[in-house]
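Working through the structure, step by step
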Amino acid sequence: MIYARMYGFSSAGEIVGLRPVDVIGGDEMVAREVIRAWIGGGYGFEMTETQKVSRSGEETWFLGSAVSFFEDDRVARTWGTQIDITDRKPAEEALRESEERYRSLFESADDAIFVMDGDHFVECNPRALKMFGCASRQILNHTPFEYSPPRQPDGRDSREKALEVIAAAYEGPPQFFQWQHARHDGTLFDAEVSLNRFEFAGRHLLFSIVRDITERRQAQEMVTAERDQLRAMTEGLSTAGIGVDIVSTDYEMLTQNNFLRGRFGDPGGLPCHKYYMGNEKPCDFCPMKKAIASGDLERVELAAADGRHYELLSAPCRNPDGTVDKAIEVVIDITERKQVEAERERLITRLEKQNAELERFAYTVSHDLRTPLLSISWLVGDLEKNMAQGEKEEVQYDTKRIAASVDSMSQLLDNVLELSRVGRVVNPSEDVQLEALVQEVLTTLAGRIAAGNIRVDISSRLPTLYADKERLLEVLLNLIENAIKYIGQQPEPRIEIGTRQDGNEIACCFVRDNGIGIDPRYHEKVFGLFDQLDQKVEGSGIGLALVKRIVEAHDGRIWVESDGLGHGSTFCFTLPSKRKSIASHSV
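Keep in mind it's a predicted model, so treat the numbers as computed, not measured. (Residues numbered from 1 in each chain as written. Predicted model: local features only at pLDDT ≥ 70, side-chain atom pairs only at ≥ 80, totals over all residues. Heavy atoms only, no water.)

Under the defined criterion, the tally for this structure stands at 29 salt bridges. One salt bridge in this structure joins Asp212 and Arg183, with 3.2 Å as the shortest N-O distance. Taken together, the positions of Asp212 in strand S8 (residues 203–212) and Arg183 in the loop between strand S6 (175–182) and strand S7 (188–200) put the pair 29 residues apart, joining distant regions of the chain. Judged by its relative accessible area of 29%, Asp212 is partly exposed. Assessed through its relative accessible area of 22%, Arg183 is described here as partly exposed. Here Lys274 ties to Glu280 by a salt bridge, and the two come within 2.6 Å at their closest N and O atoms. Its relative accessible area of 28% is what places Lys274 among the partly exposed residues. Where salt bridges share partners, they join Arg299, Glu301, Glu311, Arg337, Lys338 and Glu341 into one cluster. (Salt bridge = Lys/Arg side-chain N within 4 Å of Asp/Glu carboxyl O. Helix = DSSP H or I, 4+ residues; strand = E, 2+ residues; numbered from the N terminus. Buried < 20%, exposed > 50% of the residue type's maximum accessible area, 1.4 Å probe, protein only.)

So, on to unusual backbone geometry. Of note in this structure, Asn141 is not a glycine but carries a positive phi near 70°. Mapped onto the elements of the fold, Asn141 is located in the loop between helix H5 (126–132) and helix H6 (158–171). You can call Asn141 exposed: its relative accessible area is 56%. Here the phi dihedral of Tyr251 falls at roughly 70°; this positive angle occurs in a residue that is not glycine. Its location among the elements puts Tyr251 in the loop between strand S9 (242–248) and strand S10 (253–256). Using a relative accessible area of 18% as the deciding quantity, one classes Tyr251 as buried.

Looking at the secondary structure, you find Asn125 in the loop between strand S5 (120–124) and H5. Residue classification places Asn125 among the buried residues on the basis of a relative accessible area of 0%. A distance of 3.0 Å separates the side chain of Asn125 from the backbone nitrogen of Ala128, its partner in a polar contact. (Polar contact = N/O pair within 3.5 Å; in protein donor to acceptor, adjacent residues only side chain to side chain.)

The next thing to look at is the sheet that holds S10. If you trace the five strands from one edge of the open sheet to the other, you get S10-S9-S13-S12-S11, paired in antiparallel fashion. Both edges of this open sheet fall to S10 and strand S11 (298–303), since each of them pairs with a single strand only. Ignoring strand direction, the axes of neighbouring strands in this sheet form an average angle of 25°. Relative to strand S13 (residues 324–333), S9 is paired through seven bridges, and the arrangement is antiparallel. Residue pairing for S13: Val247 is matched across the bridge by Ala327. (Pairing = 2+ DSSP bridges. Axes fitted to C-alpha atoms, helices over the stretch in contact; angles between N-to-C directions.)

In space, the five strands of this open sheet follow the order S5-S4-S8-S7-S6, with antiparallel pairing throughout. A single partner strand is all that each edge strand has here, and the edge strands are S5 and S6. Sheet twist, expressed as the mean angle between neighbouring strand axes with direction ignored, is 35°. Relative to S7, S6 runs antiparallel, the two sharing eight bridges. Counted as the bridge partner of Ala182 is Leu188 from S7. H6 contacts strand S4 (112–117), S6, S7 and S8 of the sheet and is inclined by roughly 150° relative to S6. (Contact = heavy atoms within 4.5 Å.)

Our focus in this paragraph is the nonpolar core. Side chains that are nonpolar tend, in soluble globular proteins, to be buried together. The biggest cluster of nonpolar side chains holds 37 residues, and the ones touching the most others in it are Leu479, Ile480, Ile495, Phe571 and Phe573. In terms of residue count, the dominant contributor to this core is helix H15 (residues 469–485) (seven residues). Core analysis: the next-biggest nonpolar cluster, separate from the first, contains 24 residues, Ala128, Ile139, Tyr147 and Ala191 among them. (Core = buried A, V, L, I, M, F, W, Y, C linked by side-chain atoms within 4.5 Å.)

What follows is about the packing of aromatic side chains. Describing an aromatic ring pair means giving the distance of the ring centres and the angle of the ring planes. This model, assessed by the stated rule, comprises eleven aromatic pairs. With a centroid separation of 5.7 Å and an interplanar angle of 50°, the aromatic rings of Phe264 and Tyr310 are classed as tilted. Remark: Tyr310 occurs in strand S12 (residues 309–318) and Phe264 occurs in helix H8 (residues 258–264); sequence separation between them is 46 residues. The buried category is assigned to Phe264, whose relative accessible area is 16%. Overall, the relative accessible area of 1% leaves Tyr310 in the buried class. Each residue in the set Phe114, Phe121, Phe132, Tyr147 and Phe189 is aromatic and connected to the rest through ring pairs, giving one cluster. (Phe/Tyr/Trp six-rings, centres within 6.5 Å; stacked < 30°, edge-to-face > 60°.)

Take the state of the cysteines next. Applying the stated rule across the entire model yields zero disulfides. Cys134 takes part in no disulfide bond, and the closest cysteine sulfur to it belongs to Cys124, at a distance of 7.1 Å. Residue class for Cys134 comes out buried when judged on its relative accessible area of 12%. For the unlinked cysteine Cys508, the closest cysteine sulfur is that of Cys572, found at 4.4 Å. Of the residues examined, Cys508 reaches a relative accessible area of 0% and is grouped as buried. (Disulfide = S-S within 2.5 Å.)

Right, let's talk about the packing of helix H13 (residues 434–444) against H15 for a bit. At a minimum axis distance of 10 Å, the contact between H13 and H15 shows a crossing angle of 55°. If you check the angle between H13 and H15, you find them oblique. The two elements H13 and H15 meet at a crossing, and its hand is right-handed. Two secondary-structure elements touch here, H13 through Leu434, Leu437, Val438, Glu440, Val441, Leu442 and Thr444 and H15 through Lys469, Leu472, Leu473, Leu476, Leu477 and Ile480. Its residues placed into classes, the contact of H13 with H15 shows ten nonpolar, one polar and two charged. (Parallel < 35°, antiparallel > 145°, perpendicular 65-115°, else oblique. Left-handed = near helix turned anticlockwise from the far one by under 90°. Nonpolar A, V, L, I, M, F, W, Y, C, P; charged D, E, K, R; others polar.)

Each regular strand displays side chains that alternate between the two surfaces of the sheet. Of the pairings in the sheet, the one linking S4 to S5 comprises four bridges and is antiparallel in character. Within the sheet, the bridge partner assigned to Met116 lies in S5 and is Phe121.

Here the focus is the side chain of Ser569. Structurally, Ser569 can be placed in strand S20 (residues 569–575). Those residues in contact with Ser569 that lie beyond four places of it in its chain are Val511, Arg512, Asp513, Gly517, Ile518, Val560, Glu561 and Ser562.

Here we come to the confidence of the model for the chain. Summarising the model, the chain shows a mean pLDDT of 80, and 75% of its residues fall at 70 or more. Across residues 580–587, where pLDDT falls below 50, the model places 23 contacts with residues more than four positions away in sequence or in other chains. (pLDDT = per-residue confidence, 0-100.)

Assignment of secondary structure puts Pro282 in the loop between helix H9 (272–277) and helix H10 (287–294). Pro282 sits eleven residues away from Pro271 along the chain, and the two C-alpha atoms are 8.5 Å apart. Discounting chain neighbours no more than four positions away, the residues touching Pro282 are Tyr251 and His273.

Okay, structure coming up:
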C-alpha cells in the first residue's frame, strides 16, 4: 500500500500486473535505466537517489536499492526497497550550500584561521600558511607556542600563557587577546587572536582567528610619536608664553596647552567663546569659522575675559578624507605690545603737540623779545640825543625806560626757562597733604587776597596726593593767582578750593571763583602759551600753560568749567590713582 502511494496510486491493487516501467512513470528511458540497474545488480545494488515526477505532477526524490534472484542464469525476480527522501532534500541542499559558503570564507579570509583539537592545529586556511611562511605539514599537528618566542612582551612564558588561554576557551567564554607570534623563519610579529569553542562530531574543538597587526601597531606608534612631538612642541610654546588649542566646528575646546590652562583654567566643557571671551553666543568675528570657510590662516586681535589682549591665529585641520571639522589655534599675549603701541601713539601725539607748541613758542618769544629790544634801540638813540643836548632829566627818564625794558626781557626769559624745565627736571613723588600746601599758597598771596577783599573757602577734608610737591605748589599758586587776577568787580568776590570724586582717579581738585568767567569757545585756548584773553591784566600768559604741563607730567588732566562771561570759572585737575613717580614720563 505504501509503495503504491509513493508512486501516486490509491491502492496496491492498481499496480498489480503493471510493468515496473509503468509504475515508475515519467520518462520511459530513465525508468528503464533504473529498472535495468536494479535487475543487473545481482546480489546487491547500492542505495541510489532517483528523481521523478509523480502521477500528480509533483517532483519527488527516492533512495532505493534492489537484489535480483537468478534461475538458470536468468533473473527470475527482483526484490527492492525505496525510501521517499523528498522532504529531506531541502535540508541536505541547505547544508551543502552552508558548507560551500564556509569553505569559501575559510579559504579566502584575510586573517589566518585555524582549527585546534586540544592544543594542536588540525586545520588551517591558505592565509595562515602565507602569514607564518610555511607549508601545511609544518604547522598541522603543531602547537601555537611552537610559533611564538620563548616569552611574550609582558615577560610571561609563551607556552604557559598559551595553555592558560586555550584552557579558558575550552571552558566556554571566547578569548580575545594580543599575542606575539614568530614566523617559520623566526621573524616576530604582533597579532590579535580570538579563540572560540565549537562542537563537531561530538568533540569540542577551537576555532582560532589570527590577525597580523604589525602595520597597525607601527601606525599607532607613529601616531603616538607624532602626538608626543606635538605635545612637546605645544608645551615648549607654553613656556615661551604662547598658547595652542584645537577647537571643533561646534566650538568645543578639544585640547589646550598649559599656557592657556594657566590663564583661563580648565574648559570643563565650555565652548571657546565662553572660555575666552565670557560670551554666551559665538563671536561675530570667529576666526575658527572664517579659517574653515576660507581654508586659509585667519588672524584676529581680541580683548579676552582676563582683561589682557591676545593675537589669535586660526588654521583649519584637515582629516585624511579631506573634510574639516576642527581648527588649530595659536594664542599670543600682546598686552605689553599693545601698551607699547598705545604709549608710542601717546608720545607721538604729545611730540606733535609739543612741536606745534614749540613752533608757536619760538614765534611768540621772538616777537615778545623783539618788542623790548626795539624799544631799547629807540631809547638808546633818544638817550644819545638828550645827552648831547645836556637834557639831564630826559636822560634819567630814558635810563629808567631802558631798565624797565631789560626787566621785561629778563622776566620773559625766566618764564621761558621755567616752562622748558617742566617734565625734564623733576623731584621724586611723595605723599603731599593738600590742605597744608593750600595754606602755604594762601600765605604767599595773603596781601593780594586782602587787597581785593576776597573770601576764600577751603573744603573741610582735602586728600593726601602723591606728587612732586614743588610742582604741585606751582599748580596751586598759578590757579589761585589766576582766580585773583580775573575776579573782576564782584561786590562779594569769592574763591573756593576743594575736591570731588571723579571716576577712578584719586581726586578731582578744583579752584572755583565768581569772577569774569570764560566764554566756552576759549576753554582750550586759555592753556596755550602767552594766550591772555584780557590783555589789560598783568602777566606773561604762561601761567596756565605751565600748570597744564605739570599736571600732564603727572599723567593727570586739567580743564576749565564756565558757563560764559559773568558766571565765574572752575579750574579742575586730576591725578591718577596709581602711586608712581613722574620721572618715567619725562620728555
